[in-house]
Amino acid sequence: MNLNFLDFEQPIAELEAKIEELRYIGNDAELNITDEITRLRARSQELTRNIFSNLTAHQISRLARHPQRPYTLDYVQRIFTDFEELHGDRAFGDDPAIVCGLARIGGMPVVVIGHQKGRNTQETILRNYGMAKPEGYRKALRVMKLAERFGLPLVTLIDTPGAYPGIDAEERGQSEAIARNLYEMSGLQIPILACVIGEGGSGGALAIGVADRIIMLEYSTYSVISPEGCAAILWKSAEGAGEAADALGLTSSRLLELRLVDQVIPEPLGGAHRDVGETASRLRAALLENLSTLKRIPVQQLVEQRHERLMRYGQFGRG
Amino acid sequence: MTEGGFGTMNWFKRLLPSRIRTEGISKRAVPEGVWTSCPACKAMLYRAELERNLDVCPKCGHHMRISARRRLDKFLDAEPRSELAGDVRPVDFLKFKDTRKYKDRLTQAQKDTGEADALVVMRGALRGMPVVACAFEFEFMGGSMGSVVGERFVRATDAALQERIPLVCFSASGGARMQEALVSLMQMGKTSAALRRLGDQGVPFVSVLTDPTMGGVSASLAMLGDVNVAEPNALIGFAGPRVIEQTVRQVLPEGFQRSEFLLAHGAIDMIVDRRQLRDRLGSILSILSGKQAT
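The structure contained in this document is the topic of the report that follows. The model shown is predicted, which means the values in this text are computed figures rather than measured ones.

Cut-offs applied
- Residues numbered from 1 in each chain as written.
- Chains lettered and ligands numbered in written order.
- Predicted model: local features only at pLDDT ≥ 70, side-chain atom pairs only at ≥ 80, totals over all residues.
- Heavy atoms only, no water.
- Core = buried A, V, L, I, M, F, W, Y, C linked by side-chain atoms within 4.5 Å.
- Buried < 20%, exposed > 50% of the residue type's maximum accessible area, 1.4 Å probe, protein only.
- Helix = DSSP H or I, 4+ residues; strand = E, 2+ residues; numbered from the N terminus.
- Contact = heavy atoms within 4.5 Å.
- Phe/Tyr/Trp six-rings, centres within 6.5 Å; stacked < 30°, edge-to-face > 60°.
- Lys NZ or Arg CZ within 6 Å of the ring centre and 35° of its normal.
- Buried area = accessible area lost by both parts, 1.4 Å probe.
- Salt bridge = Lys/Arg side-chain N within 4 Å of Asp/Glu carboxyl O.
- Polar contact = N/O pair within 3.5 Å; in protein donor to acceptor, adjacent residues only side chain to side chain.
- Axes fitted to C-alpha atoms, helices over the stretch in contact; angles between N-to-C directions.
- Parallel < 35°, antiparallel > 145°, perpendicular 65-115°, else oblique.
- Left-handed = near helix turned anticlockwise from the far one by under 90°.
- Nonpolar A, V, L, I, M, F, W, Y, C, P; charged D, E, K, R; others polar.
- Pairing = 2+ DSSP bridges.
- Disulfide = S-S within 2.5 Å.
- Expected span 1.5 Å × (residues − 1).

This part takes up the nonpolar core. Counting residues in hydrophobic clusters, the biggest one holds 120 residues, and the most contacted among them are A:Ile113, A:Tyr222 and B:Leu167. Per-element accounting of this core gives the leading share, ten residues, to helix 6 (residues 181–200) of chain B. Those residues in contact with B:Leu167 that lie beyond four places of it in its chain are B:Val132, B:Cys134, B:Phe153, B:Ala156, B:Thr157, B:Ala160, B:Leu195, B:Leu198, B:Pro204, B:Phe205 and B:Val206. Residues A:Val76, A:Ile105, A:Ile197 and A:Ile265 belong to the second largest nonpolar core, which totals 25 residues.

This is the structure we're talking about:
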């Protein structure tokens, strides 16, 4: 089992292993196996296309959490220039699960805020799996206010299982920290563009997700609860995760249908992690396009539209 | 959960799963009959006396959960009263189905509680001062917030804004309603944005957090009061105690996520006994709104 591939991708992993093997032999024995490799490559591509054209919601939710999926700083590095990270909430500490900074995109000065997960064990612990504590949300809010003061558009990159459920987080007011961000973001006098790049986990995601435009990478998810969490509660077993994922409609295509997100950015074949450079360049284009649209709208009108958008959420009957 | 530490384990255990339970348990804090027992101190109580005492145990002071309608009935002046946004009613727009259909859960909850959804809004008066007051019905799918709760809350803020009269909200909720998926998460943004409009216009909002106030409701409207008040010993927090215990793998400190814990950590302004809410909130709102209480 190749750990770089999820279980439903294992047939691809096997083909890729075969290709690697052939290449190794090729180098060794100077046999002409280029044709064979080309043939296998094509098959691998076709297989990937087949598998990825029929992904279930639960499979997508696992891709969104793929250990190799690019994280905020992977995109920051490839998309933005002059990035200067800003640290600390000025009250308690600096939460590494959220990164904030000044940056430029295509020369345009912006503020960027994103959840940050860790790649290896050590970094994963440091970043706390991308689960922020109150000081993380308060750092984000401080930097949003800074953006507002200097009229800088805000770009947020969402990728978190959720706000950290821990003793210290509760002691420092996790609820209030999230609530305050929602309150403030709803009236922030700058353009806000939010993009879900991986896992959009509940209140922890929304705490940097109130925006004028909400866009998503194709294999990212956005949900009120994880499929596993939902299954544990409503199905009373983890076995229900597949059904829960379907019921929650957490995929980008479904959320676009429901008009809860504005745009979906297609990922390269096999997902963002198979070609990070290409994903970053597509994301960059989408960010630039949306930012230039938002920047053309007078800020008062923008805030009014944001408020109206928020007020439109929900479906109900009368009488 | 911690063993010991709470002399009220039965009551406490029953309370614990409530954040996520949407059916079944503790249908009535006070069972039918002349006599009842306090779930906290086990004292036998004369039912009529308990009701006169606003469902606070006369022996130990334990605050029992009460329905939204009874809550508003006991809080507001007898006259005038009119219900707002009662015409906003739930629909199963996602055709959500877990082990049961959402549609069936709604029907069941409506039958059990007599409410259309988990929030009741009233235009009324408190000690002669006009107010808008709303209360969560915890027995309706755990007081969970979906489209109807969000919309009714926004209409409550609209009414308060229009008349420039204070808004009071009694929260009791497990959080966002899973059966409305991401739409219910968005109610957090919706209600918070509505409160910002209220705040910007200098219209007071007092949030009264009652047992239990968790998850998406705690992390939006409930924590955004100009003054945050809690009833004694209410469970209030973002994540549920069981989730936290499973995450941090340690025993939770005594009194964790209780009103007294929140007061000590600076999350709320005060703890007020239910029997004093009318007096104390009347006084606070009178100062904030510059109106005279009777």
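Resuming the write-up.
According to the stated counting rule, one finds five aromatic pairs over all chains in the structure shown. Ring centres of B:Phe75 and B:Phe170 lie 4.9 Å apart, and the angle between their planes is 75°; on these two criteria the pair is classed as edge-to-face. Taken together, the positions of B:Phe75 in helix 3 (residues 68–75) and B:Phe170 in strand 7 (residues 167–173) put the pair 95 residues apart, joining distant regions of the chain. An identical accessibility class is assigned to B:Phe75 and B:Phe170; each is buried. The interplanar angle of 75° and the centroid separation of 5.1 Å between the aromatic rings of B:Phe256 and B:Phe261 together place this pair among those described as edge-to-face. Comparing B:Phe256 with B:Phe261, the two get one shared label, buried. Lying over the aromatic face of A:Tyr183, A:Arg180 brings its terminal NZ or CZ to 5.3 Å of the ring centre.

Moving on: the side chain of B:Glu151. With respect to the element layout, B:Glu151 can be found in helix 5 (residues 147–163). B:Glu151 has contacts with A:Met311, A:Phe316, B:Val88, B:Gln187 and B:Lys190, leaving out every residue within four places of it along the chain.

Bringing the interface of chain A and chain B into the picture now. Facing 48 residues of chain A, the contacting portion of chain B comprises 57 residues. Both faces combined, the contact of chain A with chain B buries some 4,700 Å², and carbon together with sulfur accounts for 71% of it. When the buried area of chain A at its contact with chain B is split by residue, A:Ile167, A:Tyr183 and A:Leu234 rank highest and sum to 15% of it. Counting the contacts that link chain A with chain B gives two salt bridges. Run the count over chain A and chain B and you get 14 residue pairs in polar contact (both at pLDDT 80 or more). Per-element tally for the side of chain A that touches chain B: the top contributor is helix 8 (residues 174–185) of chain A, with nine residues.

So, about the packing of helix 8 of chain A against helix 6 of chain B. Angle between the axes and distance between the axes: these two values describe a pair of packed helices. Two elements in contact, helix 8 of chain A and helix 6 of chain B, have axes whose closest approach is 8 Å; the angle formed by their N-to-C orientations is 65°. Between helix 8 of chain A and helix 6 of chain B, the crossing angle belongs to the class labelled roughly perpendicular. Two packed elements cross with a definite hand, and for helix 8 of chain A against helix 6 of chain B that hand is right-handed. Mapping the contact onto sequence places A:Ile178, A:Ala179, A:Leu182, A:Tyr183 and A:Glu184 in helix 8 of chain A and B:Met188, B:Gly189, B:Ser192, B:Leu195, B:Arg196 and B:Gly199 in helix 6 of chain B. Looking at side-chain class alone, the contact of helix 8 of chain A with helix 6 of chain B contains six nonpolar, three polar and two charged residues.

Residue and element names in this part refer to chain A. With four of its five residues buried, strand 6 (residues 213–217) lies for the most part within the structure. Relative to strand 6, strand 5 (residues 192–201) runs parallel, the two sharing four bridges. When the bridges of strand 6 are listed, alanine 194 appears paired with isoleucine 214. In the sheet, strand 6 pairs with strand 8 (residues 263–265) via three bridges, with the strands oriented parallel. In the strand pairing of strand 8, methionine 216 is matched with valine 264.

Using the criterion set out here, one finds zero disulfides over all chains in the structure. Summary of cysteine pairing: B:Cys134 is not part of a disulfide, and the nearest cysteine sulfur, belonging to B:Cys169, is at 3.7 Å.

This next bit is on the environment of B:Leu252. Residue and element names in this part refer to chain B. Note that leucine 252 resides in the loop between helix 8 (241–248) and helix 9 (259–264). Note on leucine 252: relative accessible area 3%, which makes it buried. Between the alpha carbons of leucine 252 and proline 241 there is a distance of 7.8 Å; along the sequence they are eleven residues apart.

Further remarks concern helix 14 (residues 299–312) of chain A. For helix 14 of chain A, which comprises 14 residues, the first-to-last C-alpha distance of 20 Å matches the rise-based estimate of 20 Å (1.5 Å per residue) to within 8%. For helix 14 of chain A, the full list of buried residues reads A:Leu302, A:Val303, A:Arg306, A:His307, A:Arg309, A:Leu310 and A:Met311. The inward-facing, buried residues of helix 14 of chain A abut helix 8, strand 5, strand 6 and helix 13 (276–295) of chain A together with helix 5 and helix 6 of chain B. Phi for A:Gly314, located one or two positions after helix 14 of chain A, is positive at around 120°.

Residues and elements named next belong to chain A. For strand 5, the tally of buried residues reaches ten of ten residues, placing the bulk of the element in the interior. Two strands pair when backbone bridges link them, and strand 4 (residues 154–160) and strand 5 are joined in this way by six bridges, in the parallel orientation. In the strand pairing of strand 5, isoleucine 158 is matched with valine 196. Here strand 5 runs beside strand 7 (residues 221–223); their pairing, made up of three bridges, is parallel. By the bridge assignment, glycine 201 is partnered in strand 7 with serine 223.

Now for the pattern of salt bridges. Under the counting rule described, the total for this entry stands at 41 salt bridges over all chains. Across the pair A:Arg119 and A:Asp74 runs a salt bridge whose closest N-O atoms are separated by 2.7 Å. Of this pair, A:Arg119 sits in the loop between strand 3 (108–115) and helix 5 (121–127) while A:Asp74 sits in helix 4 (residues 72–79), and the two are 45 residues apart along the sequence. Measuring nitrogen to oxygen at the nearest pair gives 3.4 Å for the salt bridge that ties B:Arg197 to A:Glu304. Here the residue B:Arg197 occupies a position in helix 6, and A:Glu304 occupies one in helix 14, the pair thus bridging two chains. Residue classification places B:Arg197 among the partly exposed positions, given a relative accessible area of 27%.

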